[in-house]
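# A closer look at the structure
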Amino acid sequence: MSDNSTATAAPRIAVPRDRNILRLSIFLAAVFLLMTALRPSIFLMPSNFNSMMRQFPEYGIMAIGISLTMITGGMDLAVVGTANLSAIIAAKFLLAEVPRGAPPEQALPMIIVAVLLALICGLACGAFSGFLIARMRIPAILATLGTQQLFTGIAIVITNGRPQSRLPLLYSQIGNTELWDFIPLPFVIFCAVAIIIGLALSKTRFGPKLYMLGTNAKAARFAGLNNEGILVRTYMISGFLSSIAGLIMMARANSAKADYGASYTMQCILIAVLGGVDPNGGFGKIGGVTIAILILQVLSSGLNMFENVSNFYRDVIWGGVLIIVLVINLVVDGKARRNGARA
Amino acid sequence: MSDNILKVENIKKSFGGVEALKGVSLEIRKGEIHCLAGENGCGKSTLIKIVSGVYEADEGSIELDGKSFSRMSPMDAIARGVQVIYQDFSVFPNLTVMENLALNMELMAERKLVSYKRIRAIASEALAKLGVDLDLEERVENLSVANRQLIAICRALLHDAKLVIMDEPTTALTKREVKALFAIIKRLQAEGISILFVSHKLDEVFEISERYTIFRNGQNVATGETSGLDRKAFVRYMTGREFSEESYRPAKQGEVVLAAKNLSLTGAFKDLSFELRAGEILGITGLLGSGRTELVQTLFGIYKPDSGEVQVRGKRVRIRGVKSAIRMGIGYVPADRLTEGLFLPQSIVRNIVVSKLDRLSGLFGVLKGKAIGAEVEKWVRELSIATNDPSLPVQTLSGGNQQKVVLARWLANDLSVLILNGPTVGVDIGSKYDIHALLRSLAERGLAIIVISDDLPEVLACTSRILVMRGGGIAEVLDPASTTEQRLGEISTGVA
């Protein structure tokens, strides 16, 4: 510390980790420029942006949910199961209550009820995981591995494993609305989620409580934080967000099924870690997670432009990106930490 | 041949522009027990590493057993009989006692094959040297800290040691284990081995050493015969400051703020009753397992008592949890600052305000940035926490300043009772006196304070009443002005 000025810097409630966000932004810009340079005619097309905006909200919202649980030092492997179970409950309700070919004014109230049911289901799923983790003290990774199986299992049982399709047309019409014929509704929902959760973490007491609990649960208890309450609430938020993602998936596919989006779980964990969420808990910002979501979407859309690059390469590339970022973070932060310790 | 085993002169060593040693000297005579003392960061450890060949000095001379070195490698040091026992003992917890003892010998002999017969022979010989009896087949991770240290010592002796350096060897030992260690040190001395005992604990220095050297900020401040040193001088040499050691007296009898009536917790304490008044500092001491920590944690809502009652300001209360204890104005500074008290990688700001977040936020829980800034600035100033940027992680602070951060957290909550468990463990002497002075001034302003401590001089110096616990009950209540350390020790152990 060469800076010895007596004026205390305005204390920040958040520990600065902005270097990570800067690094991610540069990485995003680099990937973006690379794709542009390789296929300017396709990549810069408005239709390409439109399709990207359709694709990432569903897993992006779940990634934000997982990130919150990882900040507490936990993990939510049940996001996809929660999303599908919520969507199936909404779909079952719609199929039962809305006759085929019903007019919109008859379908709309039922759609609202179905959405509410799905959201309640998401909250309940999250509360259950949270209860197992906070009250029964089951390690989060095991507890949610169990609840993921359980929720998926329930979804299979109530549907006999069949997709729930032939939903009222109005539902997917609403779900696929585009503002100004360009911005898809799911993208708007994603933005709202990211902003609200981001503000909750950075501007409200929920943020520091989550970070402190994730850093040292024992010290949090001695400091008078309600650890159990915070944990249950966090998993409920994660479940709630998962059910939103489930509703989006249901609109896109115009159906609900117990095994949609099975690959999303690992992808969301990848995003969270890439976005700077500390897997040991205590650190992580929604801004970083959002940029990580965009990086993966740009990469994956970019890869789709090359017909001769097989889809088989996708995992190799994503895994590679993750490992590169982890190594860079480790090297850079490790250096910063050592310098900090010396000063 | 000189009669010094080690003589270093005018050693200088810098790390990246920071001078750790600014020309220090140290002489150790053959067969003496020499104590090297000084506060954290005074350069003790750097000097040890230079003497054992780990670091190379920038300037200065080293003379080991009559031979001068300009450059010295760890192998040179070992060959000349220097052995260092580090704080962590450098033992392999997953290996057995005999493997740990014999491993270095086997490696140095560059053997390719393992013979357990030979290993056993080496190990038994090593243990026999100190007259120690340990199961050779036991894994080291199952041993107590004291026994692990014994293994490190035995291993060191295998190498024909002439100078054994012990870096703060008593940190994790109980009183009895320290006694046993001292007996072993005396035994080594009787065999003509010199001991360099590195410590900042004054009692130990007085008890074991014949001569001492004290460093401060990388320089020699004093050296001489321990018999000619007194406590006051020792503290002055270590810190460069003068401190008074009068015991605390409350100016007036305050009202009873906290009372326990026949409080019991199964397996911890039974039928305990006591009162705590505003403005007093109540010391609680007793051996580990006397129930003292459980007692205060019950008052803080961590445990629920099985019977009896707690009164706050004369009214019977039920403390349902930590939050409800805080609401009643009770704060608790836990014993282990690093694992229970602090959120190490988080900012100083967050560490201070964590228990007050609900009161520092408004509608929808939105944090009041200005109020938080003001609160933090106030406590950083009032407790003189040494930082110029409170958004830095709290782990960048020294032990004393970290403890002040924990104190600030509680003081920000307008408490009426503050309980401190081992408030100055791992804190250097200067900060220790600062914390004692702070506790006194808080008590003078009407706070009721409970201090739990093993450090008997501390209990005598900073409390106004002492409660000695033994076997889950109150053995005796004493006035610190008319009692002694020895008496406290006797009561805690039940000898008296």
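Residues numbered from 1 in each chain as written. Chains lettered and ligands numbered in written order. Predicted model: local features only at pLDDT ≥ 70, side-chain atom pairs only at ≥ 80, totals over all residues.

A tally of helices and strands in chain B yields 17 helices and 20 strands. The C-alpha atoms of chain B give 25 Å as radius of gyration, which agrees with the globular expectation for 496 residues (23 Å, within 12%). Principal axes of the C-alpha set define a box for chain B whose edges measure 75 × 50 × 50 Å. In chain B, buried positions account for 44% of the 496 residues. (Helix = DSSP H or I, 4+ residues; strand = E, 2+ residues; numbered from the N terminus. Rg over C-alpha atoms; globule rule 2.2 N^0.38 Å. Buried ≥ 20, exposed ≤ 12 C-beta atoms within 10 Å, placed from the backbone.)

So, about the overall build of chain A. When helices and strands are tallied, chain A shows 14 helices and 2 strands. In terms of C-alpha radius of gyration, chain A reaches 21 Å, essentially the compact-globule figure of 20 Å for 343 residues. The C-alpha extent of chain A, read off along each of the three principal axes, is 75 × 55 × 35 Å. Counting only residues that meet the buried cut, chain A has 45% of its 343 residues in that class. Intrachain contacts of chain A at a sequence separation of at least 6 include 80% that bridge at least 24 residues. (Contact = placed C-beta atoms within 7 Å.)

It is worth spelling out the pairing of strand β8 (residues 194-198) of chain B at this point. The buried count for β8(B) comes to 5 of 5 residues, which makes it a mostly enclosed element. Burial along β8(B) is two-sided: Ser194(B), Leu196(B) and Val198(B) facing one way and Ile195(B) and Phe197(B) facing the other are all buried.

With that settled, consider helix α11 (residues 227-253) of chain A. All names here are of chain A. Relative to the 39 Å expected for 27 residues at 1.5 Å per residue, α11 spans 39 Å between its end C-alpha atoms, a close match to the ideal helical length. Of all 27 residues making up α11, 22 are buried, and the element is well covered by its neighbours. Immediately downstream of α11, the backbone of Asn 254 shows phi near 55°, a positive value. (Expected span 1.5 Å × (residues − 1).)

Our focus in this paragraph is the domain arrangement of chain B. Residue and element names in this part refer to chain B. When cut into domains, chain B gives domain 1 (4-239) and domain 2 (256-493). Taking only C-alpha atoms, the centre of domain 1 and the centre of domain 2 are 36 Å apart. Considering only residue class, the side of domain 1 that touches domain 2 consists of 2 nonpolar, 3 polar and 1 charged. (Domains from an automatic or database assignment. Nonpolar A, V, L, I, M, F, W, Y, C, P; charged D, E, K, R; others polar.)

Here the focus is the confidence of the model for chain A. Residues and elements named next belong to chain A. Across chain A, the average pLDDT comes to 85, with 91% of residues at or above 70. Ranking the elements of chain A by mean pLDDT puts helix α14 (residues 313-342) last, at 67, and α11 first, at 95. Taken together, the stretch residues 1-16 has pLDDT below 50 and engages in 29 contacts with residues farther than four places along the chain or on a different chain. The low-confidence segment residues 338-343, where pLDDT is below 50, has 3 contacts with residues more than four positions distant or belonging to other chains. (pLDDT = per-residue confidence, 0-100.)

Here we take up the nonpolar core. Met62(A) and Ile419(B) are the most contacted members of the largest nonpolar core, which totals 175 residues. Counting residues per element, this core draws most heavily on α11(A), which supplies 15 residues. For Ile419(B), the contacting residues outside a window of four places in its chain are Val296(B), Leu299(B), Phe300(B), Ile330(B), Gly331(B), Tyr332(B), Val333(B) and Ile450(B). By size, the runner-up hydrophobic cluster in this structure holds 66 residues, among which are Ala57(B), Ala126(B), Cys154(B) and Phe215(B). (Core = buried A, V, L, I, M, F, W, Y, C linked by C-beta atoms within 7 Å.)

Okay, the environment of Met305(A) next. All names here are of chain A. With respect to the secondary-structure elements, Met 305 resides in the loop between α13 (286-304) and α14. With 14 C-beta atoms packed within 10 Å, Met 305 lands in the partly exposed category. Spatially, the C-alpha atoms of Met 305 and Leu 38 are 9.5 Å apart, while their sequence positions differ by 267 residues. Here Met 305 is in contact with Arg 39, Ile 42 and Phe 43, once residues within four sequence places are set aside.

Further remarks concern the interface of chain A and chain B. With 29 residues of chain A in contact, the opposing surface of chain B contributes 37 residues. The set of elements that each furnish at least two residues to the side of chain A that touches chain B consists of α9 (206-215), α10 (217-222) and α14 of chain A. Counting residues per element, the side of chain A that touches chain B draws most heavily on α9(A), which supplies 6 residues. In terms of residue class, the side of chain A that touches chain B is made up of 13 nonpolar, 9 polar and 7 charged.

Right, let's get into the sheet that holds strand β20 (residues 473-478) of chain B. All names here are of chain B. The sheet built from 6 strands is open, its strands ordered β16-β17-β18-β13-β19-β20 with mixed pairing. Where the open sheet ends on each side, the last strands, each with one partner, are β16 (330-333) and β20. Strand after strand, the sheet turns through a mean of 20° between neighbouring axes, direction not considered. Judged from the 5 bridges that link them, strand β19 (residues 465-470) and β20 form a sheet pairing that is antiparallel. Note that in β20 the partner of Ile 466 across the bridge is Leu 478. Here helix α17 (residues 485-493) sits on the sheet and contacts β13 (281-285), β19 and β20; the angle it forms with β19, its principal contact strand, is near 30°. (Pairing = 2+ DSSP bridges. Axes fitted to C-alpha atoms, helices over the stretch in contact; angles between N-to-C directions.)

We now examine the packing of helix α12 (residues 264-274) of chain A against α13(A). Residues and elements named next belong to chain A. Running from amino to carboxyl end, α12 crosses α13 at an angle of 125°, the nearest separation of the two axes being 8 Å. Accordingly, the angle class assigned to the pair α12 and α13 is oblique. Read as a crossing pair, α12 and α13 show a hand that is right-handed. Only Val 289, Ala 292, Ile 293, Ile 295 and Leu 296 of α13 make contact with α12, whose side of the interface consists of Ile 271, Ala 272 and Leu 274. For the contact of α12 with α13, the per-class residue count stands at 8 nonpolar, no polar and no charged. (Parallel < 35°, antiparallel > 145°, perpendicular 65-115°, else oblique. Left-handed = near helix turned anticlockwise from the far one by under 90°.)

Along the chain, the position of Met212(A) falls in helix α9. Met212(A) gets classed as buried once you count the C-beta atoms within 10 Å, which come to 26. The sequence separation of Met212(A) and Tyr59(A) amounts to 153 residues, and the corresponding C-alpha distance is 27 Å. Once residues within four sequence positions are removed from consideration, Met212(A) is found in contact with Ala220(A), Leu225(A), Phe343(B), Gln346(B), Arg350(B) and Val354(B).

To continue, consider the sheet that holds strand β7 (residues 163-167) of chain B. Residues and elements named next belong to chain B. Here 6 strands make up an open sheet; going across it, the order is β6-β7-β8-β3-β9-β10 and the pairing mixed. A single partner strand is all that each edge strand has here, and the edge strands are β6 (82-85) and β10 (219-225). Within the sheet, the average angular offset between the axes of one strand and its neighbour, ignoring direction, is 15°. Pairing of strand β3 (residues 33-37) with β8 involves 4 bridges; the strand directions are parallel. Pairing of Leu 36 across the sheet is with Val 198, part of β8.

This part covers unusual backbone geometry. Residues and elements named next belong to chain B. The backbone of Phe 364 shows a phi angle near 55°, a positive value even though the residue is not glycine. In this structure, Phe 364 sits in the loop between α12 (348-353) and α13 (369-382). Owing to 11 C-beta atoms within 10 Å, Phe 364 belongs among the exposed residues under this scheme.

Quick look at the confidence of the model for chain B now. Averaged over every residue, the pLDDT of chain B is 85; the share at 70 or more is 98%. Scoring of the predicted complex yields 0.76 for pTM and 0.83 for ipTM.

Residue and element names in this part refer to chain A. Contact pair helix α5 (residues 104-134) / α11: the axes reach a minimum separation of 7 Å and the direction vectors enclose 145°. The way α5 lies across α11 gives a crossing that is right-handed. Along the lines of polarity and charge, the residues of the contact of α5 with α11 split into 17 nonpolar, 11 polar and 1 charged.

Attention now moves to the environment of Pro345(B). Mapped onto the elements of the fold, Pro345(B) is located in the loop between α11 (337-341) and α12. Setting aside residues up to four positions removed in sequence, Pro345(B) forms contacts with Thr215(A), Gly282(A), Pro393(B) and Gln395(B).

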